[in-house]
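Observations on the model geometry
One-letter residues, chain by chain:
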Amino acid sequence: MRAEVCCNSELSFLMEAHDGLSAAIAKRAGFKGLWASGLSIASSLGYRDANEASWSQLVGSVERIVDSSRLPVLVDGDGGFGNFNNARLLARKLRQRGAAGLALEDSCFPKMNSFVGDRHPLADTREFAGRLRAVKDTVADDLVLVARIEALIAGHGMDEAISRAHAYADAGADAILIHSRRSAADEIHAFACAWQNRLPVVIVPTKYYRTPISAYRKDRISTVIWANHSLRAAVSAMRQVCGRIFAEETTASIEPNIAPLDELFDLLEYNELATAEARYLQPDDIDH
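The structure reproduced in this document is the subject of the present report. (Residues numbered from 1 in each chain as written. Predicted model: local features only at pLDDT ≥ 70, side-chain atom pairs only at ≥ 80, totals over all residues. Heavy atoms only, no water.)

**Points about helix H8 (residues 186-195)**
- Within H8, burial applies to Glu187, Ile188, Phe191, Ala192 and Trp195. End-on view of H8: buried residues confined to an arc of 135 degrees, all on one side of the axis.
- For H8, the secondary structure elements touched by its buried residues are helix H7 (158-170), strand S6 (175-178) and strand S7 (201-203).
- Backbone geometry just downstream of H8 places Gln196 in the positive-phi region, at approximately 55 degrees. (Buried < 20%, exposed > 50% of the residue type's maximum accessible area, 1.4 Å probe, protein only. Helix = DSSP H or I, 4+ residues; strand = E, 2+ residues; numbered from the N terminus. Arc of directions from axis to C-beta. Contact = heavy atoms within 4.5 Å.)

**As for the pattern of salt bridges**
- A complete count under the given rule lists 21 salt bridges for this structure.
- Across the pair Arg70 and Glu269 runs a salt bridge, and its minimum N-O distance is 3.2 Å. Taken together, the residues span a long stretch of sequence, with Arg70 in the loop between helix H4 (55-69) and strand S3 (73-76) and Glu269 in the loop between helix H11 (261-267) and helix H12 (270-280) at a distance of 199 residues.
- Among the ionic pairs, Glu160 bridges to Arg164, the shortest N-O distance being 2.8 Å. Here Glu160 and its partner Arg164 are both found in helix H7, four residues apart, which amounts to about one turn of the helix.
- Taking relative accessible area as the criterion, Glu160 reaches 27% and is therefore assigned partly exposed.
- With a relative accessible area of 5%, Arg164 lands in the buried category.
- Taken together, the shared-partner salt bridges in this structure form one network comprising Asp49, Asp78, Glu105, Lys111, Arg148 and Glu150. (Salt bridge = Lys/Arg side-chain N within 4 Å of Asp/Glu carboxyl O.)

**Looking at the sheet that holds strand S1 (residues 12-17)**
- Spatially, the eight strands close up into a barrel ordered S1-S2-S3-S4-S5-S6-S7-S8, and their pairing is parallel. Between one strand axis and the next, the sheet turns through 25 degrees on average, direction left out of account.
- Across two bridges, S7 lies against strand S8 (residues 223-226) in parallel orientation. In the strand pairing of S8, Val202 is matched with Thr223.
- In this fold helix H6 (residues 125-139) packs onto strand S4 (101-105) and strand S5 (144-149), with an angle of close to 165 degrees to the strand it touches most, S4. (Pairing = 2+ DSSP bridges. Axes fitted to C-alpha atoms, helices over the stretch in contact; angles between N-to-C directions.)

**Details of the environment of Leu268**
- Mapping Leu268 onto the fold places it in the loop between H11 and H12.
- In this structure, the C-alpha to C-alpha distance between Leu268 and Arg220, residues 48 residues apart in sequence, is 36 Å.
- Excluding residues within four positions of it along the chain, Leu268 makes contact with Leu21 and Ser68.

So far we have only geometry, and geometry alone does not tell us how the molecule works.
Pasting the structure below:
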């Protein structure tokens, strides 16, 4: 994860995962690292991205993502689920479950998804810097620590974003995630120019997806996160399939357009179980 996030020489990409299956699919596609999305994990559990899912539910989902993919996973930890103490507890539990990195945003608890509404109060800069220091003191370099700045989301402007970035760098962050809800990447470009890569920059182009990747390379962005696309693709596909099955009262017409069971068995390595049985189960064990 440190090679993926903390290197400016080559642009890297992290793919969203929200459970073991989406993690396995992302790995099969070729991604070298994953983003455990707070929005996607909460949604997959039937919760809103407003700290309705607990930190323990997040940690449990991350464990399945790590186990299923065996890839480095950067975890969306929201604001740390409270103060410095909650944040360092979250970091310690994520380290125990095999996460490779933690992103914390400077929002107040409970947070609201960055793209919902206009009310996004920010944490005090010094208080949030304390959260970052607490995490760094707890996990040291075992987790890559990414400080996510919501100043542009909250409408506070570029000067505030840069000021916070410097404070979070001083507090021990390994990288800065700058977030924007605009449909063009002008704020990202302006931040990169002003920041001058004091620390690597991570971005989430959910809204400004039309910007060519070459622009990020020119700005020396370190990492692009595709933050919620597997979940959104699943929602679209499941809605269509459920609607058709309900209307047609048969699956005959949809079978050619959905994944065969053999693909599912392949993704989750059912063949490994057969190999293990041949190695570890004796004939008497099988008979009885």
